[in-house]
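Residues per chain are reported as follows:
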Amino acid sequence: MTAGRVIVVGSINVDLVVGVDELPGPGETVIGGDLVTHQGGKGANQAVAAARQGASVVMLGAVGDDDFGTGALEALVVEGIDVSGVRVLSGAPSGTALIAVSSGGENQIVVAPGANARVEATVLDAASPPVSADDVVVVQHEVPVAVVERVIRDGSAAGATVMLNPAPARAVDPEVLALVDVVIPNEHELAALVGSAVSLDDAGLSAAVAAAGARALVVTLGGDGAALATDEVVTRVPAPVVDVVDTTGAGDTFVGALAAALARGEALDAAVVAAVEVAAVSVTGAGARGGMPRR
Ligand code: RIB
């Protein structure tokens, strides 16, 4: 396999972030620090993570015709990402995420999807040149279900390696999931795929592969690293111990780094090792992209 592109279909957001001592509970008001603005969106974060790992990256999605959208696209161009297929939608607000980050680095996120909710199902057609078998196509759940399903079908039909990061958690049509080469959920997203809580021991993960009808699961486990599970074997990759500043975007960094490694021809198990290391470094900086390392 020659090095292919990483083609990311997904959300492009601006993140409005406030640091707090403790995350608020329901109905609770807490006083935080100063408001900070970062670039974000799961799709755009994954694109940046892949680009910083040396991949040739194409971003597909939508922003509004507002200052947030302009800034978001400029930030992607600076990373060397091809944004020619991102639509700028007249009259639509750009996607925005309201994020609280605790002193322990945990976060709470509310997303106003804006233009991301208006991405069209045929979005993959905007890739130029067209998607090929050398490419890795990545999609997540911050765009409409119809988009996710069509991208998976079209990417699979083109022979590309198709990756689904089912975040935020929601169920996926089993017929569509069966077309995905690598599914990358966290524990909660895996439960949504399977329909019930999943035991994270080897037997539980093997059963989850069968229950989800997936070809391969790469389950992200936070500070415990990740587990690669197929119907034959479960391989665990521990994470190095780091000083956590902000876990926002750690999953996105993992997905982008995994895609970059697959696009340069690494086997899936080696790609998971690389992605765990890259994601571990990413949580040592503030913001979804602040700690994202370069290869
Ligand atoms: O995964 C982190 C991302 O989720 C943030 O950048 C925010 O925009 C939301 O999409």
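I will try to describe carefully the structure that is included in this document. (Residues numbered from 1 in each chain as written. Predicted model: local features only at pLDDT ≥ 70, side-chain atom pairs only at ≥ 80, totals over all residues. Heavy atoms only, no water.)

**A closer look at the overall build of the protein**
- Check the secondary structure of the protein and you find 8 helices and 13 strands.
- The C-alpha extent of the protein, read off along each of the three principal axes, is 50 × 40 × 35 Å.
- Burial analysis of the protein (295 residues in total) assigns 52% to the buried set.
- A sequence separation of at least 24 residues applies to 68% of the contacts in the protein between residues at least 6 apart.
- Carbon together with sulfur atoms contributes 54% to the accessible area of the protein, which is approximately 12,100 Å² in total.
- Both charge centroids of the protein, one from 14 positive and one from 35 negative side chains, sit 7 Å from each other. (Helix = DSSP H or I, 4+ residues; strand = E, 2+ residues; numbered from the N terminus. Buried < 20%, exposed > 50% of the residue type's maximum accessible area, 1.4 Å probe, protein only. Contact = heavy atoms within 4.5 Å. Areas by Shrake-Rupley, 256 points an atom, 1.4 Å probe, with all protein chains shown as cover. Lys, Arg positive; Asp, Glu negative; His and termini not counted. Charge placed at Lys NZ, Arg CZ, Asp CG, Glu CD.)

**What to know about unusual backbone geometry**
- Between Ser128 and the following residue, Pro129, the backbone shows a cis peptide bond with an omega angle of 0°.
- Topologically, Pro129 is positioned in the loop between strand 7 (107–112) and strand 8 (136–140).
- Look at the link from Ala167 to Pro168: it is a cis peptide, with omega at -5°.
- By secondary structure assignment, the location of Pro168 is in the loop between strand 9 (161–165) and helix 4 (174–177).

**A closer look at the nonpolar core**
- One finds Met163, Phe254 and Leu258 to be the most contacted residues of the largest nonpolar core, which totals 44 residues.
- Sorting the residues of this core by element identifies strand 1 (5–9), helix 1 (42–52), strand 4 (56–64), helix 2 (67–78), strand 8, strand 12 (226–229), helix 7 (250–263) and helix 8 (268–282) as the ones contributing at least two each.
- In terms of residue count, helix 7 provides more of this core than any other element does, 9 residues in total.
- Leaving out residues up to four positions away in the same chain, Phe254 has contacts with Ile184, Val218, Thr220, Ala226, Val272, Ala275, Val276 and Ala279.
- Formed by 42 residues, the second largest nonpolar core is a distinct cluster that contains Val148, Ile152, Leu164 and Leu217. (Core = buried A, V, L, I, M, F, W, Y, C linked by side-chain atoms within 4.5 Å.)

**A word on the site of the ligand**
- Around the ligand sit 13 residues in total, of which Asp15, Gly41, Lys42, Glu142 and Asp252 are the nearest.
- Side-chain polar atom of Asn45 to an oxygen atom of the ligand: 3.0 Å apart, as the coordinates give it.
- Considering the ligand on its own, with 280 Å² of exposed area, one finds that the protein chains cover 97% of that surface.
- Looking at the shell around the ligand, the elements with two or more residues in it are strand 2 (13–20), helix 1 and strand 7.
- Its residues assigned to classes, the shell around the ligand comprises 4 nonpolar, 5 polar and 4 charged. (Near = heavy atom within 4 Å. Polar contact = N/O pair within 3.5 Å; in protein donor to acceptor, adjacent residues only side chain to side chain. Nonpolar A, V, L, I, M, F, W, Y, C, P; charged D, E, K, R; others polar.)

**With respect to helix 3 (residues 145–157)**
- In a regular helix each residue adds 1.5 Å, so 13 residues correspond to 18 Å; helix 3 covers 18 Å between its end C-alpha atoms and thus fits that length.
- Of all the positions in helix 3, only Val147, Val148, Val151, Ile152 and Gly155 are classed as buried. For helix 3, the angular spread of buried residues about the axis comes to 130°, placing them on one side.
- Looking at the buried positions of helix 3, the neighbouring elements they touch are strand 1, strand 8, strand 9 and helix 4.
- Looking one or two residues past helix 3, Gly159 carries a phi angle of roughly 85°, positive in sign. (Expected span 1.5 Å × (residues − 1). Arc of directions from axis to C-beta.)

**What about the side chain of Ser282?**
- By secondary structure assignment, the location of Ser282 is in helix 8.
- Contact partners of Ser282, with chain neighbours within four places excluded, come to Asp246, Ala250, Thr253, Gly291, Met292 and Pro293.

**Considering the pattern of salt bridges**
- Scanning all chains against the criterion turns up 9 salt bridges.
- The closest approach of N and O atoms between Arg52 and Glu79, which form a salt bridge, is 2.6 Å. Here the residue Arg52 occupies a position in helix 1, and Glu79 occupies one in the loop between helix 2 and strand 5 (86–89), the gap between them amounting to 27 residues. Each member of the pair, Arg52 as well as Glu79, carries the same accessibility label: buried.
- A salt bridge links Arg153 to Glu175, with the shortest nitrogen-to-oxygen separation between them at 3.3 Å. (Salt bridge = Lys/Arg side-chain N within 4 Å of Asp/Glu carboxyl O.)

**Thoughts on the environment of Gly19**
- In this fold, Gly19 is placed in strand 2.
- The spatial distance from the C-alpha of Gly19 to the C-alpha of Ile99 is 8.5 Å, given a sequence separation of 80 residues.
- Look past the residues within four positions of Gly19 in its chain and what remains in contact with it is Gly32, Gly33 and Val101.

**So, the pairing of strand 13 (residues 234–237)**
- Of the strand pairs in this sheet, strand 12 and strand 13 are connected by 4 bridges, and their pairing is antiparallel. Bridging from a neighbouring strand, Ala226 pairs with Val237 of strand 13.
- What sits between the antiparallel neighbours strand 12 and strand 13 is a turn of 4 residues. (Pairing = 2+ DSSP bridges.)

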